[in-house]
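Topology and contacts: notes
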Amino acid sequence: MKHIARKRFGQHFLTDGGIIDAIVDAIGPQAGQPMVEIGPGLAALTQPLVERLGHLTVVELDRDLAVRLRLHEQLTVVESDVLKVNFTELAQTMLATQTAALKASKIRVVGNLPYNISTPILFHLLDHVAVIEDQHFMLQKEVIDRMVAQPATSDYSRLSVMLQWRYDMANVLFVPPESFDPPPRVDSAVVRMVPLAQPPVVNVKTLETLVQVAFSQRRKILRNTLGKWLDEKGFAGTFDLQRRAEEVPVAEFVALAQSV
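Residues numbered from 1 in each chain as written. Predicted model: local features only at pLDDT ≥ 70, side-chain atom pairs only at ≥ 80, totals over all residues. Heavy atoms only, no water.

**Quick look at the pairing of strand β2 (residues 35-38)**
In β2, alternate side chains face the same way, and those of Met-35 and Glu-37 on one face and Val-36 and Ile-38 on the other are all buried. In this structure, β2 lies alongside strand β3 (residues 56-60), joined through three bridges in parallel fashion. Counted as the bridge partner of Glu-37 is Val-58 from β3. You can see the chain leave β2, run along helix α2 (residues 46-53) and come back into β3, and the turn it takes is right-handed. (Buried < 20%, exposed > 50% of the residue type's maximum accessible area, 1.4 Å probe, protein only. Helix = DSSP H or I, 4+ residues; strand = E, 2+ residues; numbered from the N terminus. Pairing = 2+ DSSP bridges. Right-handed = clockwise from strand over helix to strand, strands pointing away.)

**So, the nonpolar core**
Residues Ile-38, Phe-137, Met-147, Met-193, Leu-207, Leu-226 and Phe-253 are the most contacted members of the largest nonpolar core, which totals 59 residues. Top contributing element to this core by residue count: helix α8 (residues 204-215), with six residues. Once residues lying within four places of it in the same chain are set aside, the contact partners of Leu-207 are Met-162, Trp-165, Val-202, Phe-253, Val-254 and Ala-257. With 24 residues, the next largest nonpolar core counts Leu-53, Val-77, Val-110 and Met-138 among its residues. (Core = buried A, V, L, I, M, F, W, Y, C linked by side-chain atoms within 4.5 Å. Contact = heavy atoms within 4.5 Å.)

**Some thoughts on the pattern of salt bridges**
Applying the stated criterion across every chain yields a total of eight salt bridges. For the salt bridge of Asp-25 with Arg-52, the shortest nitrogen-to-oxygen distance reads 2.9 Å. Taken as a pair, Asp-25 in helix α1 (residues 17-27) and Arg-52 in helix α2 lie far apart in primary sequence, 27 residues in all. Classification of Asp-25 as exposed rests on a relative accessible area of 51%. (Salt bridge = Lys/Arg side-chain N within 4 Å of Asp/Glu carboxyl O.)

**Section: unusual backbone geometry**
Where the residue is not glycine, phi is negative for most of them; where a peptide bond is considered, it is trans in most cases. Residues Asp-181 and Pro-182 are joined by a peptide bond in cis, for which omega reads -5 degrees. Along the polypeptide, Pro-182 turns up in the loop between β8 (180-181) and β9 (188-195). A positive phi angle, near 70 degrees, is found at Ala-43, a position not held by glycine. Along the polypeptide, Ala-43 turns up in the loop between β2 and α2. For Ala-43, a relative accessible area of 21% corresponds to the partly exposed category. Look at Ala-152: it is not a glycine, yet its phi comes out positive at around 70 degrees. Following the sequence through the fold, Ala-152 ends up in the loop between α6 (141-147) and α7 (158-164). Classification of Ala-152 as exposed rests on a relative accessible area of 60%.

**Focus: the packing of α1 against α2**
Interaxial distance between α1 and α2 falls to 10 Å at its minimum, and their mutual angle equals 40 degrees. Here α1 lies oblique to α2, going by the angle between them. Where α1 crosses over α2, the two elements pack in a sense that is right-handed. Contacts between α1 and α2 pair Ile-20, Val-24, Asp-25 and Ile-27 from the former with Pro-48, Leu-49 and Arg-52 from the latter. Taken together, the residues of the contact of α1 with α2 sort by class into five nonpolar, no polar and two charged. (Axes fitted to C-alpha atoms, helices over the stretch in contact; angles between N-to-C directions. Parallel < 35°, antiparallel > 145°, perpendicular 65-115°, else oblique. Left-handed = near helix turned anticlockwise from the far one by under 90°. Nonpolar A, V, L, I, M, F, W, Y, C, P; charged D, E, K, R; others polar.)

And the structure:
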């Protein structure tokens, strides 16, 4: 029986064999690696991944799809909203049951993320970055453009800063709408996210608030937005507020958060 894509889950199923092969090659799964796939859907990526890995853990919200996936002996199915999954605990469970020969210390995460909640998923995983080796996600291309954007460009945003302080990221593959059923109304792409080995030590909540305030009115100079916030914090250091938020490099936002 054909599974009908559900709009409320943001489902678009990947069907292009050439694109699937290219994504799997970009991920480069190795036998025995502990890997989690978010939103396996009809298993288009799942099957070639599990053939190389030997075993795969999948997170699926759709009950009907989860029932199908449980029939696959090489899958461990977590039936849940991904935003409710504690990836730190899941990693600990997966790493504790791996074979002695492998001894991986972190998990890999992959997935075709639902477009309607892709940004919340990225921020949720940021909370569990310490247990993650790398992430490969298919997303709306315009979201990836913002993720990897450089300062002084129109795509540079809060998302750029909040991910670039912690990850090295690259857009690795373009995926056209016709690769899916049903085709989305947007272009897609695959991003590779590798957590930085030695990230700056910073209070993430402070950085998050600071960046949110800075980009709240991105066309205004920071004197009118971030300046007021810094005054309230009693900031006595120096920071050029005669710029717009999109002109400030990630490193400067991090340094400011460290000194507030």
